[in-house]
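Structural overview for review
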Amino acid sequence: MSTEIEIGRSKRGKRAYSLDDIAVVPSRRTRDPKDVSLRWQIDAYEFELPFIGAPMDSVISPETAIALGREGGLGVLNLEGVWTRYEDPAPLLAEIAELPEQTATRRMQEIYAEPIKPELIAQRLAEIRAAGVTVAGSLTPQRTQEHWKSVVDAGVDLFVIRGTTVSAEHVSSDEEPLNLKQFIYELDVPVIVGGAATYTAALHLMRTGAAGVLVGFGGGAASATRKTLGIHVPMATAIADVNAARRDYMDESGGRFVHVIADGGLGTSGDIVKAIAMGADAVMLGTALARADEAPGRGWHWGQEAHHGQLPRGHRVQVGQVGPLSQVLHGPGESVLGQQNLAGALRRAMATTGYLDPKEFQRVDVVVSPYQPVHI
């Protein structure tokens, strides 16, 4: 059955679904939550939790990357953020948290105009490595050619190329684009790349040799891409389409497995549950971790789009603080908002529907919800 809808005589569009539009369906079997495993592995690196801290200055600092690693997840440091521009960014982070709304964007543009320093890239990654956790850093496609050698020389374990959208084929009349396939082939570390939001875009990224593909476009709490560019793909449909691309790529490549990582709009434990149910192997969390007491944003959250020099496409948003990182991840929960005990909620959802690990849970039945959820 076609999902296309006639918008007018000359245009048709596919019906797409957000995570709010779907619900997970219980099966005939239930499990004991203590028997459920949330373990996730990409390449040689194994984690107790399928949770990745988003490379955003309000979420991950060297200290929180270490803390998240010790709690069983993976923290990705933004290598274009304040930690690679300033020797001591603490006063600037405190200033950002206090900025009046009417001047926040302009002042953040000034702060992030400071050049990136390669020696600070090496220093920050070395701090994380010294703690004995997996080291991951992120650059945008525009900065990758300029700084990738500093990242690799510093001894990164996982390299993330993350942008609002990333394509395997970027065409420019002014500059030599990043050749993702050649770059990944020559690099000696696993690469996670994205975002992608369609079957075709994801399939092309998988063919570059990426170990993982980030799924999402314009859906995060701090993003305003939908308003400024008019571009947005609802997350449930995006994950399902990219999961289908992964399935077909496995057939095409003779069994090579590429991880699907949902990225954006996953602010509560229920969102995480539904993202994995739709086909994600892991989730990249921004808002959900920005609420931790240790998060460098101090209850505020923003991405790189919020301080773009020419066309800001994001906000600095107040998300509040709900407890220490350990409580956000492992509980105990003290409210019904789905902001604490993220791992416990995922484990409980999998047990309630009869599944023992995230890969099995991707087979769970879902329905399109016949109601609009109330946002608290």
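Okay, the confidence of the model for the chain next. Scored by pLDDT, the chain has a mean of 90; 90% of the residues are at 70 or more. Counting interchain partners and residues more than four positions distant, the pLDDT-below-50 stretch residues 169-173 has one contact.

Our next topic: helix H1 (residues 62-70). Buried residues of H1: Pro62, Thr64, Ala65, Ile66 and Leu68, and no others. Buried residues belonging to H1 abut strand E6 (51-53), strand E7 (74-78), helix H4 (118-130), helix H11 (287-290) and helix H12 (325-330).

Take the environment of Glu360 next. Positionally, Glu360 belongs in helix H14 (residues 358-361). For Glu360, a relative accessible area of 22% translates into the label partly exposed. Glu360 sits 38 residues away from Val322 along the chain, and the two C-alpha atoms are 31 Å apart.

Here we take up the side chain of Ser138. With respect to the helices and strands, the residue Ser138 is situated in strand E8 (residues 136-139). With residues near it in sequence (within four places) discarded, Ser138 still touches Pro55, Val76, Leu77, Asn78, Leu79, Glu80, Val160 and Arg162.

For the rest of this paragraph, the subject is the packing of H4 against helix H5 (residues 141-153). Axis separation between H4 and H5 bottoms out at 9 Å; the angle between their running directions is 35 degrees. Considering only the axes of H4 and H5, their crossing is right-handed. Counting all contacts with H4, which are made through Pro118, Ile121 and Leu125, the residues of H5 involved are His147, Ser150 and Val151.

Extensive coverage of E7 is indicated by the burial of five of its five residues. Where burial is concerned, the two faces of E7 agree: the one with Leu74, Val76 and Asn78 and the one with Gly75 and Leu77 are both buried. Where E6 lies against E7, two bridges are found, and the strand directions are parallel. Bridge pairing links Gly53 to Gly75 in E7. The pairing of E7 with E8 spans three bridges and is classified as parallel. Looking at E8, one finds that Asn78 is bridged to Ser138.

Picture the strands of a sheet paired through backbone hydrogen bonds; they go either parallel or antiparallel. Pairing is parallel in the closed barrel, where eight strands are placed in the order E6-E7-E8-E9-E10-E11-E12-E13. Strand-to-strand twist across the sheet, computed as the mean angle between neighbouring axes with direction ignored, equals 25 degrees. Sheet topology note: the strand E11 (residues 212-215)/strand E12 (residues 259-263) ladder contains four bridges and is parallel. Note on E12: the bridge partner recorded for Val213 is Val260. Against the sheet, H1 engages E6 and E7, with an angle of about 165 degrees to E7.

We now examine the pairing of strand E10 (residues 191-196). For E10, the tally of buried residues reaches six of six residues, placing the bulk of the element in the interior. Bridge count for E10 against E11 is four bridges, and the pairing is parallel. Residue pairing across strands places Gly194 opposite Leu214, the latter belonging to E11. Handedness of the crossover joining E10 and E11 through helix H7 (residues 199-206) is recorded here as right-handed.

This paragraph deals with unusual backbone geometry. The omega torsion across Gly194 and Gly195 is 20 degrees, close enough to zero to call that bond cis. Residues Gly331 and Pro332 are joined by a peptide bond in cis, for which omega reads 10 degrees. You can see Pro332 is positioned in the loop between H12 and helix H13 (342-352). Positive phi outside glycine occurs at Asp43, with the angle close to 55 degrees. Locating Asp43 in the fold gives a position in the loop between strand E4 (40-42) and strand E5 (45-47). Positive phi values are uncommon outside glycine, yet Asn341 reaches one of about 55 degrees.

Our next topic: the packing of helix H10 (residues 269-277) against H13. Relative to each other, H10 and H13 sit at 45 degrees, their axes nearing to 9 Å. Relative to H13, the element H10 is oriented oblique. Handedness of the crossing formed by H10 with H13: right-handed. Taken together, the residues of H13 that come into contact with H10 (itself represented by Ser269, Ile272, Val273 and Ile276) are Leu342, Ala345, Leu346 and Ala349. Across the contact of H10 with H13, the residue classes break down as seven nonpolar, one polar and no charged.

One pass over the structure, following the stated rule, counts four aromatic pairs. Judged by centre distance (5.7 Å) and plane angle (90 degrees), the ring pair of Trp148 and Phe183 falls under edge-to-face. Here Trp148 is found in helix H5, whereas its partner Phe183 is found in helix H6 (residues 180-186), with 35 residues between them in sequence. The exposure class of Trp148 is partly exposed, given its relative accessible area of 31%. Taken together, a centroid distance of 5.9 Å and an interplanar angle of 55 degrees make the contact between Phe159 and Phe183 tilted. In this pair, Phe159 is assigned in strand E9 (residues 158-162) and Phe183 in helix H6, connecting sequence segments 24 residues apart. An aromatic cluster of at least three residues, connected via ring pairs, comprises Trp148, Phe159 and Phe183. We note Arg316 situated over the ring of Trp300; from NZ or CZ to the ring centre the distance is 3.9 Å.

The rules behind each value
- Residues numbered from 1 in each chain as written.
- Predicted model: local features only at pLDDT ≥ 70, side-chain atom pairs only at ≥ 80, totals over all residues.
- Heavy atoms only, no water.
- pLDDT = per-residue confidence, 0-100.
- Contact = heavy atoms within 4.5 Å.
- Buried < 20%, exposed > 50% of the residue type's maximum accessible area, 1.4 Å probe, protein only.
- Helix = DSSP H or I, 4+ residues; strand = E, 2+ residues; numbered from the N terminus.
- Axes fitted to C-alpha atoms, helices over the stretch in contact; angles between N-to-C directions.
- Left-handed = near helix turned anticlockwise from the far one by under 90°.
- Pairing = 2+ DSSP bridges.
- Right-handed = clockwise from strand over helix to strand, strands pointing away.
- Parallel < 35°, antiparallel > 145°, perpendicular 65-115°, else oblique.
- Nonpolar A, V, L, I, M, F, W, Y, C, P; charged D, E, K, R; others polar.
- Phe/Tyr/Trp six-rings, centres within 6.5 Å; stacked < 30°, edge-to-face > 60°.
- Lys NZ or Arg CZ within 6 Å of the ring centre and 35° of its normal.

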